[in-house]
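One-letter residues, chain by chain:
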Amino acid sequence: MTGPVLTGRPVAPGRQRRILAPARYRHPGDVIRLVIGGLVLAGTGAVTYATHGTYAGAFATAVTALRPSAAVGRVLAAMLTAAFALAAAAAIAATLRYRRFRLLASLAGAALLTGAGVAGIIALASGERPPALTTGASQWPWLIGPSLASPALGAAVAGVVAAAPWLSRSWRRTAWIALWLAGIAQLLTGISSPLEIVLAFAAGITVGAGVLVLFGVPDRRIGPDEIAAALGPAGLRVSHIAPAAVETKGSRPFVAVANDGTQLFIKVLGSDNRDADLLYRAYRLVRLRDVGDTRPAISLIQAVEHQALAAVMAERAGVAVPAVRQVIRTVDGSALLVMNRVEGESLDRIAPQLVTDSLLRALWTEVDRLHRAKIAHRSLRAANIVVDRACRPWLTDFSFAELAATQRQMALDVAELLASLATITHGGRAVTSAAAVLAPDDLAAAIPLLQPLALSAGTRRAVARHDGLLASIRAAAVAASGRDQSPELARLQRVRPRTLLAIAAAAGAFYFLLPALAKVGGSWQGVLSADWAWLPLIIALSATSYLASAIAIAGAVPERLPLWPTVLAQVASSFVNRVSPGNVGGMALNARYLQKCGVEPSAGVAAVGVNTIVGAGVHLAMLVAFFAWAGRGLSHVVKLPSGSKLLLILAIIVTVVGLVLATRPGRRLAAGKLIPGLRSAAASLRQVARRPGKMIMLVAGSALITLAYIGALAASVKAFGGGPGFIPLGAVYLAAAALAAVAPTPGGLGPFEAALIAGLTGIGMASGLAVSAVLLFRLATYWLPVAPGWLSWRLLLRWDYV
């Protein structure tokens, strides 16, 4: 191993950077700033677009009282203009002086792109500016006109963000103070609204961070000299230090030789590693569920201390792990984890013939000891296992380890190691060696997790090179654990990308495309003209539907359910159903909730089915009743086919069902799922019918749900000046809900709105008012409950109700 020999006084970091041109790398913190800035920019742009010319009126009125006199305003405007000009000139001069032409090009590009973007958003969205914002235009100097004030501020923000890695901390602080003062000055002179200021800052941060992600930042992370300087005061004098030729996740590895000849392995963790960990955990939180992830540590040093503690606890449990020597904080804020070095190679690098059965059994023995100590490794793959010269396996890299681990976290360890070992040896050998050490239940718990989503990225890539590998491991694990059949794979994906695309497409079709096709202008402007006094009633009726849903589900089971947790479960269903079509997610949540409340699993599933069937029956009965009550008023809206056509349609349906049942898959489906499900639902319904109180709760709750939504729709119509009566509106809602029930989108998003608008216009409402009323109704009953639904879901998880 070669590397610099440290003799004498180490070179100062700053002096070394002046001599050598610093290399660049992509800092994960810039990605975080890019994501957050982009989200704020998208939200601000959406609000600006949605409110159009009215977006600044209230804000402008709010700052009018703070506006200085004309003379003071002209002075502020002149100072601001001069500051922008001087800053631009200083940036150009500095970059040319140090021949940083690529930096100059990136700064100029970021500033121009941000300025053009902010100007474009304001021009497209604002229309005629409110008078309160144009009164200060005469105070603005000629160099930056009033229409360029916010774009100029955004360009300056982008330039500061893109240049920040080359500036000292004091200059960065000064630049940000100047930008905030510039924003305040624009507000005081009345040239920009608060929303425009937020838009300028969000656009500047987004574009500036994007430039840094694209071109990288100077690599000023500590190197061997700085590491040696930090080790000395901790009592670890080293004579040799160099980067380690190994791959580690979440740190930079180095190897060193102490003055006494001890081989050391050093992990260096800086702010970039901390930000990368936050990004990784955020991605997994958004995409995955039930994968054992926990909250990140509060600080970098705490993360390193937790890693060291996990390794020490594993060593105390008798697991072969490298001994921890020191945890050191460096001057620049980085953290060092110093351990004894294990002489050997990682398991994925040794020759396949050296991976013997005895080595595999010894490895599983170490894993079993680790799990008996209730420690989960969380990254147990071949690259994190070192085999020394005596062919003894050592577990390394406890970056993601968890103390007091759950059974799911330890099962994920087993699944990860099984898949990783199967890529370097035969899958059957990996399972056989595990079965020789682990308990059958521990091996069986890993079977549902033998899927790509449960594996680390490295193992997933290795598995992808072997067709059918995971399926063969699952089959071998089922046989080795003594199970009769393979269990279903665990559902780990929180949201499917295609579901998000369907929701986005349906929402876009309604909120933007449909109003354009209907030639009613922007749907959002119509909502702004509503009488907002009706909104509390709409929200109250929407909340009533969840109380009614709780009553209905309580009536579907013989057991007595707690009221408020049951209500929370129904509110949580509103969150789950936004990403699952046909209310499947809500039904699964209710079945799980009933099981946690002491209801037998089969009885809980049957109760959810009974609730659905009764709800459909009540909906159909109310549909007939409302249409009959409305009478001829709906004849020109909904035209039923003649009796002969209805008989023909019925005959076709019966024929298709008969043909399906005549096939072997059709009979298997009917005998395996449909008939048992109907029998279970019928048995549950008979059991509920023996208790009249429960039956009343079931039927009345289902009816109250529908009536609450009809009332909310009627209140939404009243918010725009009124229209048809309650009965015609009820008939329209019931018909639209029946059509949307077969839609493949969550909550019938798209088809339901289209059917409601068609029905409302059919019974006499103007198309513009119909679009606005439906939009307000869906905002209050579909989108607004999402946040309370998420909170309810978190509460149910905390209280162990799901």
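Here the structure is a predicted model, which is why all the values come from computation and not from measurement.

Here we take up the overall build of the protein chain. Each helix and strand counted, the protein chain has 31 helices and 12 strands in total. The burial tally for the protein chain puts 45% of its 802 residues in the buried class. Sequence separation of at least 24 residues holds for 76% of the intrachain contacts in the protein chain that already meet a minimum separation of 6. For the protein chain, the accessible surface area stands at approximately 39,500 Å², while carbon and sulfur atoms represent 65% of it.

In this structure, Leu-594, Tyr-733, Phe-752, Leu-756, Leu-760 and Phe-777 are the most contacted members of the largest nonpolar core, which totals 67 residues. At 10 residues, helix α28 (residues 726–740) tops the list of elements feeding residues into this core. Setting aside residues no more than four positions away along its own chain, Phe-752 makes contact with Tyr-733, Ala-736, Ala-737, Ala-740, Gly-747, Phe-777 and Arg-778. Listed in part, the 54 residues of the second largest apolar core include Ala-311, Leu-417, Ala-444 and Leu-450.

Glancing now at the pairing of strand β7 (residues 335–340). Burial within β7 is extensive, with 5 of its 6 residues counted as buried. Of the pairings in the sheet, the one linking strand β5 (residues 263–269) to β7 comprises 6 bridges and is antiparallel in character. Of the residues in β7, the one forming a bridge with Val-268 is Leu-336. Across 5 bridges, strand β6 (residues 324–329) lies against β7 in antiparallel orientation. Directly across from Val-324, in β7, lies its bridge partner Met-339. Counting the residues that bridge the hairpin from β6 to β7 gives 5 residues, and of these Gly-333 lies at a positive phi of roughly 95 degrees.

Sheets are built from strands paired through backbone hydrogen bonds, the pairs being either parallel or antiparallel. With antiparallel pairing, 3 strands are arranged side by side in an open sheet as β8-β10-β11. The sheet is open, and its two borders are formed by β8 (344–346) and β11 (393–395), each paired with just one other strand. Between one strand axis and the next, the sheet turns by 30 degrees as a mean value, whatever way the strands run. Bridge count for β8 against strand β10 (residues 385–388) is 3 bridges, and the pairing is antiparallel. Its bridge partner being in β10, Glu-345 is matched across the sheet by Val-387. The sheet contacts of helix α13 (residues 357–372) involve β10 and β11, and relative to β11 the element is tilted by about 30 degrees.

Tracing the sequence through the fold places Gly-768 in helix α30 (residues 767–783). Gly-768 sits 11 residues away from Ile-757 along the chain, and the two C-alpha atoms are 9.4 Å apart.

Glancing now at the packing of aromatic side chains. If you walk through the whole model with that rule in mind, you get 9 aromatic pairs. Summarising the aromatic geometry, the rings of Trp-180 and Phe-201 are spaced 4.3 Å apart at their centres and angled 15 degrees between planes, so their arrangement reads as stacked. With a gap of 21 residues between them, Trp-180 in helix α8 (residues 169–188) and Phe-201 in helix α9 (residues 194–215) connect regions that are remote in the sequence. With a relative accessible area of 6%, Phe-201 lands in the buried category. Judged by centre distance (6.0 Å) and plane angle (55 degrees), the ring pair of Tyr-280 and Phe-400 falls under tilted.

What follows deals with α8. In this model, α8 (20 residues) spans 29 Å end to end at C-alpha, consistent with the 28 Å of a helix rising 1.5 Å per residue. Listed as buried for α8 are Ala-175, Leu-179, Ala-182, Gly-183, Ala-185 and Gln-186. End-on, the buried residues of α8 take up no more than an arc of 160 degrees, which puts them together on one face. Summarising the geometry of α8, the exposed residues directed more than 90 degrees from the buried face are Arg-169, Trp-180 and Leu-181.

A few words on the environment of Val-327. The residue Val-327 is located in strand β6 in this model. Separated by 96 residues in sequence, Val-327 and Leu-231 place their C-alpha atoms 9.8 Å apart. For Val-327, the contacting residues outside a window of four places in its chain are Ile-301, Val-304, Glu-305, Ala-308, Leu-336 and Leu-337.

With the rule as written, the count across this model stands at 14 salt bridges. One salt bridge in this structure joins Arg-221 and Asp-272, with 3.0 Å as the shortest N-O distance. With Arg-221 in the loop between β2 (217–218) and α10 (224–231) and Asp-272 in helix α11 (residues 271–287), the pair connects residues that are 51 residues apart, well separated along the chain. Using a relative accessible area of 28% as the deciding quantity, one classes Arg-221 as partly exposed. A relative accessible area of 6% means that Asp-272 is categorised as buried. Close ionic contact of Asp-397 with Lys-267 constitutes a salt bridge, the shortest N to O distance being 3.0 Å.

Taken in spatial order, the 5 strands of this open sheet run β3-β4-β5-β7-β6, and their pairing is antiparallel. This sheet does not close on itself; its edge strands, each paired only once, are β3 (238–243) and β6. In this sheet, adjacent strand axes meet at a mean angle of 25 degrees when their direction is disregarded. Here 6 bridges tie strand β4 (residues 252–258) to β5, and the two strands are oriented antiparallel to one another. From the neighbouring strand, Val-257 faces β5, where its bridge partner is Gln-263. Packed on one face of the sheet, helix α12 (residues 300–316) meets β5, β6 and β7 and runs near 175 degrees to β6.

Another aspect to go through is α13. Here α13 is 16 residues long and its end C-alpha atoms lie 22 Å apart, about the 22 Å a rise of 1.5 Å per residue gives. Every buried residue of α13 is accounted for by Leu-359, Leu-360, Leu-363, Trp-364, Glu-366, Val-367, Asp-368, Leu-370 and His-371. In the segment just after α13, Lys-374 is the residue with positive phi, at about 60 degrees.

Moving on to the packing of helix α27 (residues 692–718) against α28. Interaxial distance between α27 and α28 falls to 9 Å at its minimum, and their mutual angle equals 115 degrees. Between α27 and α28 lies a crossing of right-handed hand. Here Thr-706, Tyr-709, Ile-710, Gly-711, Leu-713, Ala-714 and Val-717 of α27 come into contact with α28, specifically with Phe-726, Leu-729, Gly-730, Tyr-733 and Leu-734.

Right, let's talk about a nonpolar patch on the surface for a bit. A cluster of nonpolar side chains, namely Ile-36, Val-40 and Val-198, defines an oily patch on the protein surface of about 230 Å² accessible area. Residue placement: Val-198 occurs in helix α9.

With 79% of its residues at a pLDDT of at least 70, the protein chain reaches an overall mean of 81. Scored below 50 in pLDDT, residues 1–21 shows 28 contacts in the model against residues more than four places distant or in partner chains. The low-confidence segment residues 517–522 (pLDDT under 50) makes 6 contacts with residues lying over four places distant or belonging to another chain.

It is worth spelling out the packing of helix α7 (residues 149–163) against α8 at this point. For the pair α7 and α8, interaxial distance at closest approach is 11 Å and the crossing angle is 170 degrees. Here α8 runs roughly antiparallel to α7, going by the angle between their axes. Along the contact surface, α7 presents Ala-149, Ser-150, Leu-153, Ala-156, Val-157, Val-160 and Val-161, while α8 presents Ala-175, Trp-176, Leu-179, Ala-182, Gly-183 and Gln-186. Broken down by class, the residue content of the contact of α7 with α8 amounts to 10 nonpolar, 3 polar and no charged.

Take unusual backbone geometry next. A positive phi is found at Asp-290, a non-glycine position, where the angle reads about 55 degrees. Note that Asp-290 resides in the loop between α11 and α12. A positive phi angle, close to 60 degrees, is found at Cys-391, a residue other than glycine. The class of Cys-391 is partly exposed, set by a relative accessible area of 46%.

What counts, and at which threshold
- Residues numbered from 1 in each chain as written.
- Predicted model: local features only at pLDDT ≥ 70, side-chain atom pairs only at ≥ 80, totals over all residues.
- Heavy atoms only, no water.
- Helix = DSSP H or I, 4+ residues; strand = E, 2+ residues; numbered from the N terminus.
- Buried < 20%, exposed > 50% of the residue type's maximum accessible area, 1.4 Å probe, protein only.
- Contact = heavy atoms within 4.5 Å.
- Areas by Shrake-Rupley, 256 points an atom, 1.4 Å probe, with all protein chains shown as cover.
- Core = buried A, V, L, I, M, F, W, Y, C linked by side-chain atoms within 4.5 Å.
- Pairing = 2+ DSSP bridges.
- Axes fitted to C-alpha atoms, helices over the stretch in contact; angles between N-to-C directions.
- Phe/Tyr/Trp six-rings, centres within 6.5 Å; stacked < 30°, edge-to-face > 60°.
- Expected span 1.5 Å × (residues − 1).
- Arc of directions from axis to C-beta.
- Salt bridge = Lys/Arg side-chain N within 4 Å of Asp/Glu carboxyl O.
- Left-handed = near helix turned anticlockwise from the far one by under 90°.
- Patch = residues over 30% accessible without salt bridge, like charges linked within 9 Å, V, L, I, M, F, W, Y side chains within 5 Å.
- pLDDT = per-residue confidence, 0-100.
- Parallel < 35°, antiparallel > 145°, perpendicular 65-115°, else oblique.
- Nonpolar A, V, L, I, M, F, W, Y, C, P; charged D, E, K, R; others polar.

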